[in-house]
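Take a look at the letters that make up each chain.
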Amino acid sequence: MVTRKEWVFYKSQKAPKGIFRTKDKICLSPNDRGFMFADGAYEVIRTYNGKFFRLNEHLVRFKRSVDALRIDNRDIPLIETAIKELIKRNNLQSSDATIYIQVTRGVWQRSHAFPTEPVLPTVYIEASRFVPHKDDARLGIAAITVSDIRWARCDIKAIGLLPNVLARQQAVDNGAAEAIFVRDGILTEGTHTNVFGVQDGVVMTHPKTNYILAGITRDAVLGLCATHKIPFSETFILEHKLSDLEEMFLVGTTVEIMPVIKVNGKPIGKGRPGKITKALQVAFRDHILSASR
Ligand code: PDD
């Protein structure tokens, strides 16, 4: 098998100007605060046929996360340039790809408080070819619910994802594709997705609060509801009312719009992707095609 060399971008105390390297040549310090404390923020951005989907919205959210963690944000303009260069270097100009960006507080001897001298944040970016789960999007997936044991700043896209990792594995162990967090009886979001339900023809999703990530796809889907005159409401979906839902779907950069047909082993609605979900999938595809032309 021929393994392609994957170009990544890296900037740190050791490489203060930032460098493009192949991934096998990257060395990260064990004293990086991302490694020691998960002290950093990240973003995941999609391209379709080499064109970015809502790049600016992702960068605005990224700056918000970085600022919330009080990490120096001055690399963000450089990140935008580096992402574009990575698409070229990895030959992704006419492919679907995901771009992963991470910024940490940098390298310092282990101590919980911030470094006492100025250190440069560590920036790491990679761009990889993306292959969607077409069958899942057509047939729908099963999900489970799990207790939302995360911190109260889920609006920050922080790299500390242990509750998400454990919850997603619990889903996999139970033959499901996603775990949906429940806080005080309310469905908040999935481990890497926002959650939508449909009841009496109205599309519902958790309001933007500190308990969910303000998803870029979530915004796009609400925009499509408005354009296509599908009634929607940013309101709570209650776990004990799950059996009242006619349809359910997850949205996110890596899943787009994913029908959920079963939760905790019980069917949602008729146990197959619903009419509104399918209409939104078509609208989303058209939206991408027109945006990436
Ligand atoms: N996750 N909620 C959580 C907890 C997420 O981690 C994500 C995205 C979303 C959806 O947001 P968006 O539509 O902006 O992708 C909601 C990324 C894809 C990840 O962690 O891989």
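Predicted model only: the values in this text are computed from it and were never measured.

The rules behind the values
Residues numbered from 1 in each chain as written. Predicted model: local features only at pLDDT ≥ 70, side-chain atom pairs only at ≥ 80, totals over all residues. Heavy atoms only, no water. Axes fitted to C-alpha atoms, helices over the stretch in contact; angles between N-to-C directions. Helix = DSSP H or I, 4+ residues; strand = E, 2+ residues; numbered from the N terminus. Parallel < 35°, antiparallel > 145°, perpendicular 65-115°, else oblique. Left-handed = near helix turned anticlockwise from the far one by under 90°. Contact = heavy atoms within 4.5 Å. Nonpolar A, V, L, I, M, F, W, Y, C, P; charged D, E, K, R; others polar. Near = heavy atom within 4 Å. Polar contact = N/O pair within 3.5 Å; in protein donor to acceptor, adjacent residues only side chain to side chain. Areas by Shrake-Rupley, 256 points an atom, 1.4 Å probe, with all protein chains shown as cover. Domains from an automatic or database assignment. Buried < 20%, exposed > 50% of the residue type's maximum accessible area, 1.4 Å probe, protein only. Pairing = 2+ DSSP bridges. Core = buried A, V, L, I, M, F, W, Y, C linked by side-chain atoms within 4.5 Å. Expected span 1.5 Å × (residues − 1). Buried area = accessible area lost by both parts, 1.4 Å probe. Salt bridge = Lys/Arg side-chain N within 4 Å of Asp/Glu carboxyl O.

(A) Examining the packing of helix 2 (residues 55-68) against helix 3 (residues 76-89) more closely. Running from amino to carboxyl end, helix 2 crosses helix 3 at an angle of 140 degrees, the nearest separation of the two axes being 11 Å. The orientation of helix 2 with respect to helix 3, classified from their angle, is oblique. The hand of the helix 2/helix 3 crossing is right-handed. Every residue of helix 3 that contacts helix 2 at Leu55, Leu59, Phe62 and Lys63 is listed here: Ile76, Ile79, Glu80, Ile83 and Lys84. Taken together, the residues of the contact of helix 2 with helix 3 sort by class into six nonpolar, no polar and three charged.

(B) Focus on the site of the ligand. In the neighbourhood of the ligand, 16 residues make up the surrounding shell, with Tyr42, Arg61, Glu189, Thr217 and Thr253 lying closest. One of the backbone N or O atoms of Ile216 is found 2.8 Å from an oxygen atom in the ligand. Thr253 places a polar side-chain atom, nitrogen or oxygen, 2.4 Å from an oxygen atom of the ligand. Burial of the ligand by the surrounding chains reaches 91%, relative to a free accessible area of 470 Å². Elements that contribute at least two residues to the shell around the ligand include exactly strand 3 (40-48), strand 9 (186-190) and helix 6 (216-227). Split by domain, the residues of the shell around the ligand number at least three in each of domain 1 (7-129) and domain 2 (134-292).

(C) View of the pairing of strand 10 (residues 194-199). With respect to burial, strand 10 is a largely interior element, five of its six residues being buried. Taken together, the five bridges between strand 10 and strand 14 (residues 247-252) define a ladder with antiparallel strand orientation. From the neighbouring strand, Gly197 faces strand 14, where its bridge partner is Met248. Pairing of strand 10 with strand 11 (residues 202-205), which is carried by four bridges, proceeds in the antiparallel orientation. Looking at the pairing, Gly197 lines up with Met204 of strand 11. The turn linking strand 10 back onto strand 11 is made up of two residues, and Asp200 within it adopts a positive phi angle of 50 degrees.

(D) Geometry of the nonpolar core. Within the largest apolar cluster, 25 residues are counted, with the highest numbers of intra-cluster contacts made by Phe62, Ile79, Ile83, Ile99, Ile101 and Ile125. Of all the elements, helix 3 adds the most residues to this core, at six residues. With residues near it in sequence (within four places) discarded, Ile125 still touches Val8, Phe9, Ile79, Ala82, Ile83, Leu86, Ile99, Tyr100 and Ile101. Of all hydrophobic cores here, the second largest spans 19 residues; its members include Phe196, Val198, Ala220 and Ile257.

(E) Spatial organisation of helix 5 (residues 162-173). Given a rise of 1.5 Å per residue, twelve residues ought to cover 16 Å, and the 16 Å separating the end C-alpha atoms of helix 5 matches this to within 8%. Residues of helix 5 that are buried make contact with strand 7 (141-147) and strand 8 (178-183). Positive backbone phi, at 70 degrees, marks Gly175, one or two positions downstream of helix 5.

(F) Representation of the domain arrangement of the protein in the model. What the domain assignment lists for the protein is domain 1 (7-129) and domain 2 (134-292). Each of domain 1 and domain 2 has a C-alpha centre, and these two points are 27 Å apart. Taken together, the contact between domain 1 and domain 2 spans 25 residues of the former and 22 residues of the latter. Summing both partners gives a buried area of about 2,000 Å² for domain 1 against domain 2, and 64% of it is carried by carbon and sulfur. When residues of domain 1 are sorted by the area they lose upon contact with domain 2, Tyr42, Tyr48 and Arg61 head the list and together hold 32% of the total. Taken together, the links from domain 1 to domain 2 amount to two salt bridges. When the shortest N-O distance is used, the salt bridge between Arg46 and Glu256 registers 3.4 Å. The tally of links between domain 1 and domain 2 comes to eight residue pairs in polar contact (both at pLDDT 80 or more). Of all the secondary-structure elements, those providing two or more residues to the side of domain 1 that touches domain 2 are strand 3, helix 2 and strand 5 (97-104). When residues in the side of domain 1 that touches domain 2 are grouped by element, the largest group, eight residues, is from strand 3. For the side of domain 1 that touches domain 2, the per-class residue count stands at ten nonpolar, seven polar and eight charged.

(G) Highlighting the sheet that holds strand 2 (residues 19-22). Spatially, the six strands line up as an open sheet ordered 2-1-6-5-3-4, and their pairing is antiparallel. Two strands bound the open sheet, and with one partner strand each, they are strand 2 and strand 4 (51-52). As judged from the eight bridges shared by strand 5 and strand 6 (residues 122-129), these two strands associate in the antiparallel manner. Note that in strand 6 the partner of Tyr100 across the bridge is Glu126. This element, helix 2, spans strand 3, strand 4 and strand 5 of the sheet and lies at about 175 degrees to strand 3.

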